[in-house]
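# Coordinate analysis (summary)
Residue-level listing of the chains:
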Amino acid sequence: MTNFPGFYRSSIGKKMIVALTGVILMLFVIGHLLGNLQIFLGPRWVNDYAQHLRDLGPLLWAVRITLLIAVFLHIYFTVSLALDNRRARPQGYEKRNYIKASYASRHMVVSGLVVLAFVVFHLLHFTGRKFNARFPMLKNDPLNHYDVYSMMVYGFQNVYVSAFYIIGLFLLTLHLTHGTSSFFQSLGLNDKKLTPQLAFGARVFAWLLFIGYTAIPVAVLLGLIHPAQQL
Amino acid sequence: MNFQLNVWRQANAKSKGKFATYEARNIAPDTSFLEMLDIVNDELTERSEAPIAFDSDCREGICGACALTINGQAHGPKHPAAACQLYMRSFDDGKTITVEPFRAKPFPLVRDLVIDRSALDRIVQAGGFIAARAGSAPEANSIPVPKHNADLAIEAAACIGCGACAAACPNASAMLFTAAKVSHLAFLPQGAPERTLRVTKMVRQMDAEGFGNCTNTYECEAVCPAEISASFIAKLNREYARAVLQRSVGE
């Protein structure tokens with residue numbers, strides 16, 4: 001691409017990269033939720049699902065690397081854009097009265113960085129199996145699969161851990177209420193009639209994700225789901 | 001009506017500015033905001049004080065010269081309207097009104113509320129025109145233009161270049177201005193020959209001027225006195241993507 005350097009250095013080019021990587025991450029968030037919700041179907045479902053994922057082997061790593069690159073580009077270009085934005089108004093207003101710019105849209109960097117911190121914790125917690133004395137004691141299930149079900153239940157029985165998950169998910173929701181409609185605009189897939197519909201759709205989508213994801217720690221804390229093995 | 005004004009005063013670009021308080025007394029409700037400033041300035045002149053410098057020209061909402069941020073909103077609380085079409089009846093009697101210049105790095109301050117908006121002119125000079133001299137207006141039906149496109153082109157062409165979009169944007173981005181200037185030509189056959197180069201050059205100039213980047217907050221369209229829709233920014237993004245793709249394959 002002869003013009004590519006100009007593209008990724010331009011404001012619009014950078015935004016398009018942020019939008020495209022955002023879409024990749026959003027698709028992951030949907031897939032991850034559908035996978036996790038299998039906890040409500042019982043230990044067999046989640047443990048089999050987790051085993052299938054691990055059995056993907058190199059394919060799993062391809063997906064992981066793609067996601068990692070998407071996360072890196074998404075953050076790198078957003079931070080670069082945000083720094084430009086700060087430089088663009090060295091002297092601020094004494095009084096500021098926003099009409100249309102939503103709270104979520106004005107705090108994407110903050111919500112994004114908290115989500116990043118949450119994701120790091122989440123990976124250490126459930127993928128690295130840290131922060132819980134019971135995780136190493138878990139025995140494999142009858143099919144000799146790792147007992148993800150019990151791991152999730154024991155993990156979320158800690159109120160502080162669950163609270164942090166809910167806060168992280170809330171900020172992800174805030175991020176997505178803007179992000180999910182914003183990427184259409186950045187990629188030029190928008191017009192006057194579509195704008196309010198996309199904004200509404202994005203809010204519904206983000207809050208559905210929030211309900212879906214938080215249902216798991218909430219169900220555990222309410223005692224609706226019990227571990228498959230007692231420790 | 002009576003008001004207390006909290007106005008940004010700054011002698012020149014280099015000096016340090018600060019807010020100063022003035023009283024506006026016995027103002028008729030149908031006085032425009034700029035006329036109210038004229039009245040205050042008359043009193044200041046009588047007291048041998050420097051009048052508040054502010055820009056104005058047509059005072060009927062078509063020139064875009066009156067760049068004022070009033071109570072934290074570009075062009076004040078009544079939308080859509082330029083500050084010159086804002087009347088004092090829009091404010092509550094006895095209230096304090098804060099008046100600031102448009103704040104953005106590419107809009108250097110000249111004096112008090114006067115800013116230099118030539119950055120916007122330079123974006124247009126980069127490609128917001130048709131290079132060929134087309135002569136006088138041709139027969140209207142000799143170049144077919146679909147009605148929908150003509151409507152959109154006229155909508156975009158309504159931009160008066162006041163800079164309120166950049167002033168109101170949380171990131172000081174001039175995307176709505178550039179979008180309007182790119183779109184009104186992109187929708188018409190006359191703009192077609194230079195379409196690819198135009199958007200590339202104008203976006204490059206916009207970035208070079210030091211404007212911020214659009215984060216799709218749509219604050220711009222909320223303050224635009226010409227009601228330019230932020231959907232033109234989507235159009236600009238489409239035009240830009242198309243240009244990059246075309247140039248990448250060597251067209």
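Residue numbers restart at each chain and count upward from 1, following the sequence in its written direction. All chains are assigned letters beginning at A, and all ligands numbers beginning at 1, according to the order in which they are written. In keeping with the model being predicted, local features are shown solely for residues with a pLDDT of at least 70 and side-chain atom pairs are shown and tallied solely at 80 or more, while totals for entire chains, interfaces and linings include all residues.

## Regarding the overall build of chain A
Keep this limit in mind: Each helix is a run of DSSP H or I of at least 4 residues and each strand a run of E of at least 2, with the numbering of both proceeding from the N terminus. The burial label depends on the number of other C-beta atoms within 10 Å of a residue's C-beta. Counts of 20 or more mean buried, 12 or fewer mean exposed, and intermediate counts mean partly exposed, with C-beta atoms placed from the backbone. By definition, residues are in contact whenever their C-beta atoms, placed on the basis of the backbone, come within 7 Å of each other.
Scanning chain A for helices and strands turns up 9 helices and 0 strands. The N-to-C order of helical and strand elements in chain A reads α-α-α-α-α-α-α-α-α. Residue burial in chain A is summarised as follows: out of 231 residues, 32% are buried. Here the analysis covers contacts within chain A between residues at least 6 apart in sequence; of these, 78% occur between residues at least 24 apart.

## Observations concerning the packing of helix α5 (residues 175-186) of chain B against helix α8 (residues 231-248) of chain B
Residue and element names in this part refer to chain B. Definition in use: Lines fitted to C-alpha atoms define the axes here, with helix axes fitted over just the stretch in contact, and angles between the N-to-C directions of these axes take values from 0 to 180 degrees. Any angle that is under 35 degrees is reported as roughly parallel, and any over 145 degrees as roughly antiparallel; angles of 65 to 115 degrees are reported as roughly perpendicular and all others as oblique. Handedness of a crossing is defined here by the sense of rotation of the near helix relative to the far one, left-handed for an anticlockwise turn of less than a right angle and right-handed for a clockwise turn. The residue classification treats Ala, Val, Leu, Ile, Met, Phe, Trp, Tyr, Cys and Pro as nonpolar and Asp, Glu, Lys and Arg as charged. All others, Gly included, are polar.
α8 packs onto α5 with a crossing angle of 70 degrees between their chain directions and a minimal axis gap of 8 Å. Comparing the axis directions of α5 and α8 gives the class roughly perpendicular. In terms of crossing hand, the pair formed by α5 and α8 is left-handed. Contacts between α5 and α8 involve Met175, Leu176, Thr178, Ala179, Ala180, Val182, Ser183 and Ala186 from the former and Phe232, Ile233, Lys235, Leu236 and Glu239 from the latter. In terms of residue class, the contact of α5 with α8 is made up of 9 nonpolar, 2 polar and 2 charged.

## Describing the environment of A:Arg87
On the secondary structure map, A:Arg87 appears in helix α4 (residues 58-87). The residues contacting A:Arg87, other than those within four sequence positions of it, are B:Lys105 and B:Gly210.

## A look at the nonpolar core
All names here are of chain B. Operational definition: Note on definitions: a nonpolar core is a set of buried residues drawn from Ala, Val, Leu, Ile, Met, Phe, Trp, Tyr and Cys, linked by C-beta atoms within 7 Å. For the domains described, the bounds stem from an automatic or database domain assignment.
Core analysis: the largest hydrophobic core is formed by 116 residues, its most contacted members being Cys165 and Leu176. Each of domain 1 (3-111) and domain 2 (117-248) gives at least three residues to this core. When sequence neighbours within four positions are dropped, the list of residues in contact with Cys165 reads Ala174, Leu176, Phe177, Cys220 and Cys224.

## Description of the interface of chain B and chain A
Counting residues at the interface gives 40 residues for chain B and 40 residues for chain A. Those elements that provide at least two residues to the side of chain B that touches chain A are β5 (96-101), α6 (195-208), α7 (219-223) and α8 of chain B. Here the side of chain B that touches chain A gets 11 residues from one element, more than from any other, and that element is α8(B). Taken together, the residues of the side of chain B that touches chain A sort by class into 15 nonpolar, 16 polar and 9 charged.

## Quick word on the pairing of β5(B)
Residue and element names in this part refer to chain B. Counted only if it meets this: Two strands form a pair only when DSSP identifies at least two bridges running between them.
Bridge count between strand β1 (residues 3-9) and β5: 4 bridges; the pairing is parallel. Pairing of Gln4 across the sheet is with Thr96, part of β5. Judged from the 3 bridges that link them, strand β3 (residues 68-70) and β5 form a sheet pairing that is antiparallel. By the bridge assignment, Leu68 is partnered in β5 with Pro101.

## A short note on the sheet that holds strand β2 (residues 18-24) of chain B
Residue and element names in this part refer to chain B. Taken in spatial order, the 5 strands make up an open sheet running β2-β1-β5-β3-β4, and their pairing is mixed. Edge positions in the sheet fall to β2 and β4 (73-74), since each of these pairs with one other strand and no more. Sheet analysis places β1 next to β2, joined by 7 bridges and oriented antiparallel. Of the residues in β2, the one forming a bridge with Val7 is Ala20. Of the strands in this sheet, β1, β2 and β3 touch helix α1 (residues 33-46), which is tilted by about 90 degrees from β2.

## Structural notes on the domain arrangement of chain B
Residue and element names in this part refer to chain B. Domain annotation of chain B identifies domain 1 (3-111) and domain 2 (117-248). The centre of domain 1, based on its C-alpha atoms, is set 29 Å off from the matching centre of domain 2. Taken residue by residue, the interface counts 19 residues in domain 1 and 19 residues in domain 2. Across the side of domain 1 that touches domain 2, the residue classes break down as 11 nonpolar, 6 polar and 2 charged.

## What about helix α7 (residues 148-156) of chain A?
Residue and element names in this part refer to chain A. For α7, the tally of buried residues reaches 8 of 9 residues, placing the bulk of the element in the interior. Listing the buried residues of α7 in full gives Val148, Tyr149, Ser150, Met151, Met152, Val153, Tyr154 and Gly155. Against α3 (43-55), α6 (108-127), α8 (159-186) and α9 (194-221) lie the buried residues of α7.

## Structural notes on the packing of α6(B) against α8(B)
All names here are of chain B. One way to put it is that α6 packs onto α8 with a least axis distance of 9 Å and a crossing angle of 115 degrees. Considering the angle they form, α6 stands roughly perpendicular to α8. In the crossing of α6 with α8, the sense of the turn from one axis to the other is left-handed. Of α8, the residues touching α6 (which contributes Thr196, Val199, Thr200 and Val203) are Glu239, Tyr240, Ala243, Gln246 and Arg247.

## Considerations on unusual backbone geometry
Note on backbone geometry: most residues besides glycine have negative phi, and most peptide bonds are trans. Here the residue pair B:His79 and B:Pro80 is connected by a cis peptide bond, since its omega of -5 degrees sits within 30 degrees of zero. Its location among the elements puts B:Pro80 in the loop between β4 and β5. Located in the positive-phi region is A:Asn144, a residue other than glycine, with phi close to 65 degrees. Here B:Asn216, not a glycine, exhibits a phi torsion of approximately 55 degrees, which is positive. By the element assignment, B:Asn216 lies in the loop between α6 and α7. Residue B:Asn216 is classed as buried on the basis of its C-beta count, with 28 C-beta atoms lying within 10 Å.

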